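# Tertiary structure, described
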Amino acid sequence: LAVELNRTEQAVRKQLAHTLHDGLQQLLVAAKLRVETAVRNPELDPQSLPKAIRLISDAIEACRSLTVELS
């Protein structure tokens, strides 16, 4: 029973790490790049900030979903 519990915990940790890396972290990195672009060259991509806001909103939603799953 202890071995099975350990395997289950490891699987859950692996799934959580995957969710954080492939979901939340990617959204945050993309948002950061958009904001940096807007700060350096606002005329280059005038939609950088609105896109960053959408990415941050998606990241917030991903956090909320993850919180619900963990609860």
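Per chain, the residues get numbers from 1 upward, laid out in the order the sequence is written. Reporting of local features is limited, given that this is a predicted model, to residues whose pLDDT is at least 70; pairs of side-chain atoms are given and counted only at 80 or more, and all residues count toward the totals for whole chains, interfaces and linings. With hydrogens and water set aside, each side-chain value is computed from the structure's full complement of heavy atoms.

For helices the rule is a DSSP run of H or I covering at least 4 residues; for strands it is a run of E covering at least 2, with both sets numbered from the N terminus onward. As for its placement among the helices and strands, Lys51 is situated in helix α2 (residues 48-70). Of the residues examined, Lys51 reaches a relative accessible area of 28% and is grouped as partly exposed. Along the sequence, Lys51 and Ala30 sit 21 residues apart, while their C-alpha atoms lie 9.2 Å from each other. When accessible area is computed with a 1.4 Å probe and restricted to protein chains, residues below 20% of their type maximum are described as buried, those above 50% as exposed, and intermediate ones as partly exposed.

Take helix α1 (residues 2-40) next. Expected span of a helix, by definition, is 1.5 Å for each gap between consecutive residues, and there is one gap fewer than residues. If you check α1, its first and last C-alpha atoms are 54 Å apart, about what 39 residues at 1.5 Å a residue would give, namely 57 Å. Along α1, the helix axis deviates most sharply at Gln25, where the bend reaches about 35°. Of the positions making up α1, those classed as buried are Leu24, Leu27, Ala31 and Ala38. Working rule for contacts: check all heavy atoms of both residues, and any pair within 4.5 Å makes them a contact. Those residues of α1 hidden inside the fold are in contact with α2. One axis is fitted to the seven residues ending at the residue and one to the seven starting there. The bend at that residue is the angle between these axes.

Attention now goes to a nonpolar patch on the surface. Judged by side-chain polarity, Val35, Val39 and Leu49 come together as a nonpolar surface patch covering roughly 260 Å² of accessible area. Locating Val35 in the fold gives a position in helix α1. With relative accessibility at 32%, the residue Val35 sits in the partly exposed group. Each patch is built from residues lacking any salt bridge and having more than 30% relative accessible area; the joining distance is 9 Å for like charges and 5 Å for nonpolar side chains (Val, Leu, Ile, Met, Phe, Trp, Tyr). With residues, only the protein chains shown are counted as cover, and all accessible areas are computed by Shrake-Rupley using a 1.4 Å probe. When a carboxyl oxygen of Asp or Glu lies within 4 Å of a side-chain nitrogen of Lys or Arg, that pair is called a salt bridge.

Here we take up the pattern of salt bridges. Enumeration over the complete set of coordinates arrives at three salt bridges. In this structure, the salt-bridge partner of Asp45 is Lys51, at a minimum N-O distance of 4.0 Å. Because the salt bridges share partners, they merge into one network encompassing Arg34, Asp45 and Lys51.

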